[in-house]
Structure formats: C-alpha cells, structure tokens
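A closer look at the structure
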Amino acid sequence: MSEAIKKFMYVNRKAPYGTVYALESLEVVLIGAAFDQDVSMAFMDDGVFQLTKGQDTGDTGVKNFSPTYKALGDYDVNKLYVEKESLEERGLSLDDLMPLTYEDEDDDWNEKPSIKLVSRSELTDLMEEQDVLMNF
Amino acid sequence: MATLHTVNKSPFEKNSLERCLSTAKDGSTILFIEDGVYSAVKGTKVSSSIEAALGKHNVYALKPDVTTRGLSDNMIDGIELVDYDGFVDLAAECSKVQSWL
Amino acid sequence: MKFGVVVLEGPYTHEAADTAYQFTKAALEKGHEVFRVFFYHDGVNNGTRLTTPPQDDRNIVTRWSELGEEHGLDLVVCVAAAQRRGIVDADEAKRNGKDADNIAPSFRISGLGQLIEAGIQSDRLLVFGD
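Residues numbered from 1 in each chain as written. Chains lettered and ligands numbered in written order. Predicted model: local features only at pLDDT ≥ 70, side-chain atom pairs only at ≥ 80, totals over all residues. Heavy atoms only, no water.

Regarding its fold elements, chain B presents 4 helices and 5 strands. Relative to the globule expectation of 13 Å for 101 residues, the C-alpha radius of gyration of chain B, 12 Å, shows essentially globular dimensions. Across chain B, the fraction of contacts at a sequence separation of at least 24, relative to all contacts at a separation of at least 6, is 73%. Of the accessible surface of chain B, which amounts to about 4,000 Å², a share of 44% is contributed by carbon and sulfur atoms. Separation between the mean location of the 10 positive side-chain charges and that of the 14 negative ones in chain B comes to 8 Å. (Helix = DSSP H or I, 4+ residues; strand = E, 2+ residues; numbered from the N terminus. Rg over C-alpha atoms; globule rule 2.2 N^0.38 Å. Contact = heavy atoms within 4.5 Å. Areas by Shrake-Rupley, 256 points an atom, 1.4 Å probe, with all protein chains shown as cover. Lys, Arg positive; Asp, Glu negative; His and termini not counted. Charge placed at Lys NZ, Arg CZ, Asp CG, Glu CD.)

All names here are of chain B. Taking every second residue as pointing to the same face, both faces of strand S2 (residues 29–32) are buried, with Thr29 and Leu31 on one and Ile30 and Phe32 on the other. When strand S1 (residues 3–7) meets S2, the two strands line up parallel, connected through 4 bridges. Residue pairing for S2: Val7 is matched across the bridge by Phe32. Handedness of the S1-helix H1 (residues 16–23)-S2 crossover: right-handed. Bridge count between S2 and strand S3 (residues 58–62): 4 bridges; the pairing is parallel. Along S3, the bridge assignment pairs Thr29 with Asn58. Taking the sense of rotation as the criterion, the β-α-β connection linking S2, helix H2 (residues 47–54) and S3 turns out right-handed. (Buried < 20%, exposed > 50% of the residue type's maximum accessible area, 1.4 Å probe, protein only. Pairing = 2+ DSSP bridges. Right-handed = clockwise from strand over helix to strand, strands pointing away.)

Glancing now at the packing of helix H4 (residues 120–129) of chain A against H1(B). Interhelical geometry of H4(A) versus H1(B) gives an angle of 80 degrees and a closest axis separation of 9 Å. Regarding the angle of H4(A) to H1(B), the classification is roughly perpendicular. Facing H4(A), whose interface residues are A:Arg120, A:Thr124 and A:Met127, H1(B) presents B:Arg19, B:Ser22 and B:Thr23. Grouping the amino acids of the contact of H4(A) with H1(B) by side-chain chemistry returns 1 nonpolar, 3 polar and 2 charged. (Axes fitted to C-alpha atoms, helices over the stretch in contact; angles between N-to-C directions. Parallel < 35°, antiparallel > 145°, perpendicular 65-115°, else oblique. Nonpolar A, V, L, I, M, F, W, Y, C, P; charged D, E, K, R; others polar.)

To continue, consider the packing of aromatic side chains. Aromatic ring pairs: the centre-centre distance and the angle between the two ring planes describe each pair. Residues and elements named next belong to chain A. Considering all chains together, one arrives at 13 aromatic pairs over all chains under this definition. Members of the aromatic cluster, each reached through a chain of ring pairs, are Tyr17, Phe43, Phe65 and Tyr69. For Lys14, the ring lying beneath its charged end belongs to Tyr21, and the centroid distance is 4.5 Å. (Phe/Tyr/Trp six-rings, centres within 6.5 Å; stacked < 30°, edge-to-face > 60°. Lys NZ or Arg CZ within 6 Å of the ring centre and 35° of its normal.)

Here we take up the layout of surface pockets. Here the largest pocket defines a volume of roughly 340 Å³. Contributing to the lining of the largest pocket are 19 residues, with A:Arg13, A:Lys14, A:Asp46, B:Lys14 and B:Leu101 lying nearest its centre. Of the residues assigned to the lining of the largest pocket, the class counts are 5 nonpolar, 5 polar and 9 charged. Within this model, the second largest pocket holds a volume of roughly 190 Å³. (1 Å grid on protein atoms, 1.4 Å probe; cavity = no way out; pocket = protein on both sides within 12 Å on 5 of 7 lines; lining within 4 Å. Points joined across faces, edges and corners; volume = space filled by probe spheres on them.)

With that settled, consider the nonpolar core. Ranked by size, the top nonpolar core spans 87 residues in total, and within it A:Tyr10, A:Tyr69, C:Phe23 and C:Trp64 carry the most contacts. Considering each element in turn, this core owes the most residues, 7 residues, to helix H1 (residues 16–29) of chain C. For A:Tyr69, the residues in contact, after removing those within four places along its chain, are A:Ala22, A:Leu26, A:Phe43, A:Gln50, A:Leu51, A:Met98 and A:Leu100. Counting 29 residues, the second largest nonpolar core, distinct from the first, contains B:Val7, B:Leu17, B:Ile50 and B:Trp100. (Core = buried A, V, L, I, M, F, W, Y, C linked by side-chain atoms within 4.5 Å.)

If you want it as structure tokens, here you go:
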C-alpha cells in the first residue's frame, strides 16, 4: 500500500493575495513533487484567478508568486485542470491565463501546454479518480 | 465506494454547497459540518435543492453543530444526524473525503 | 483504518480547529490509528503553548497536547507556515536568533513533506479548513 503511487489532486478554489491560501498551497505542490506521486491540480471557482496574466504586486508590496506557476513544469507537475465554467463566469478565457508549459520526456522533450481546459462534468470525473484530494 | 463530501460553509455566504451538489456523484455521501449545517434547515432558499439531493445522496448533518446553533427542531426531513463517532464511521466507509471549504 | 488529519485554521478563530480535534479524538477512541495531525496555514497557531484562553473556555492547545500525550499522536506543525507566524521550537529559535520558543508539548516542527507523507500513508486524509 505504502509503495503504490497514489493519485493526488490539489484543489484550488480561492483567489490569490486576498488570503494566503493560494500561496501556501502552491508551496505544498512544489514540495509534494519530490514524492513521485501522480499529481494534478484543479483550478475552479476563484482559484482560476491564480493563473491570470499581468499580476503586478508592486503597489501593494505583497509577494508576487505568479511566476512560480511557470516552474511547475520543471517539477513534473503538468496536469493543471482549469474548469471552463469558472473561467466563463468570471469573464475570462484561456488567453487571459499565463501560458504554462512543460517538456514532455515521452515525446522528445517537446514543449506542451500544462493547462487543460475541462468542463465541470469532466472535472467531476477526474476528482472521482483520485486517491487523495487536498483542498485549500 | 463513494466519496464523502463535507460542507462547512453557510450556503447563504459561499458557494460551497452549490459546488458540492454539482460535483457529487449519485450515491455519494454528504455531511454538513460547522456553518454548513445551515444548509439542512427547512424553508430556506436552498431547501429545495437539499430535498432533491436526498433522492440521490445520503445526507447527514453533524449533530453537535446542529444543537450548538439551536437548529434541532428545524431540520429537513430525511437528513440523518451523526455525532463525531458517526463522522469517523462515514469517513471510514467512504473511499475518500472531499472537503468543500 | 489509518486516518490523516490536516488542520488549516487557528484556534478560536475558526471552528475547524475544534472539529479536527473532536474527529481525531473520536477516531482514536474507536480504535482507529491517526497517522499524523498536520498543522498548516494559521493552523500552526494550535501549537503555541503561550495561549491563555479565559477560564470558562476550552483550552484548545492543551487539549491537543493531552491527546498527543495520551495516544502518542504525531502533532506536526509546518516549519514554513510556523516561521511566518512566529511559532518556534528551541532549535528554530536558535537557528533564527530568536530569544524564546513557544511550541506546545507533544507538538513538533517539521517540513511540508510530512503532509505529503500523511497523504501517502493514510487510508483517508481529512482536511479541516476555511
């Protein structure tokens, strides 16, 4: 049991900056990447705001952690499921999100997008497949 | 085995209940805890969606949170009350736990 | 059955700290194993022994310590979250040049890997948060 690879999904439903949850949950994902589990992230509800382009914290003085999402690919965290309905409800589309990519070792290290747009029902099915859901 | 979904937010403040209901597969178990127990009260704007959910899911409310808030006499029929022991049993019986925070 | 428990909110501010405690206690009393209780976000504030609640209220920190003592429960406070919020043990105090430590009995400070390990090792992981 302990040797088997588990499917971990980090479920992000909160916007960045207003509270610390998004920042600290990203830290969990980065540490968790060292454990060789089957890792994915879900972004739904206000969680989709974590991935938007153009975040600039200069005027508030808080830490801008949006560049860290770009490093996820290097940590083999390359399944970032973004719920389409949540984007649409917030007047957003894929073009408004940071272009996050990873190099696919099974395909001659070709660069591929990490963000996968999924419908609400597809995301439900994905959650059902998981062994562990980490909700922050 | 089905998933245990816990909801700990008032449905009048956050969308946790709504997201739980739109995500939970038929046959899964839903447990209201903390301010989530306000979802289980009769005659509110969400009671019809809870009554509909009772046909598809096993719906429970955490009794200590219900009594703490003085809601015992106003619960929607069909919602079963469990104490912390019962919460542990539900978590053990289900395959995993999804916390709708 | 082996449970893992994650506490993401501070004591007194959010009921999550109470629910997590009551769940953990009930699980242990029913004969289940609790692999670890991991404290993250403001949950790390469950682990400061300097907490002094009014006498007519529950002492959430002492309650955890006693449960830890009684059952040999592994109560782990995340080091990164703890440093941000001023929860330190003697080693951390020394390392960071602080003049005191405040970790409560039965708690220990460790890394986020302990949370992932709890997810891997436990049959069920329960997250109590906001």
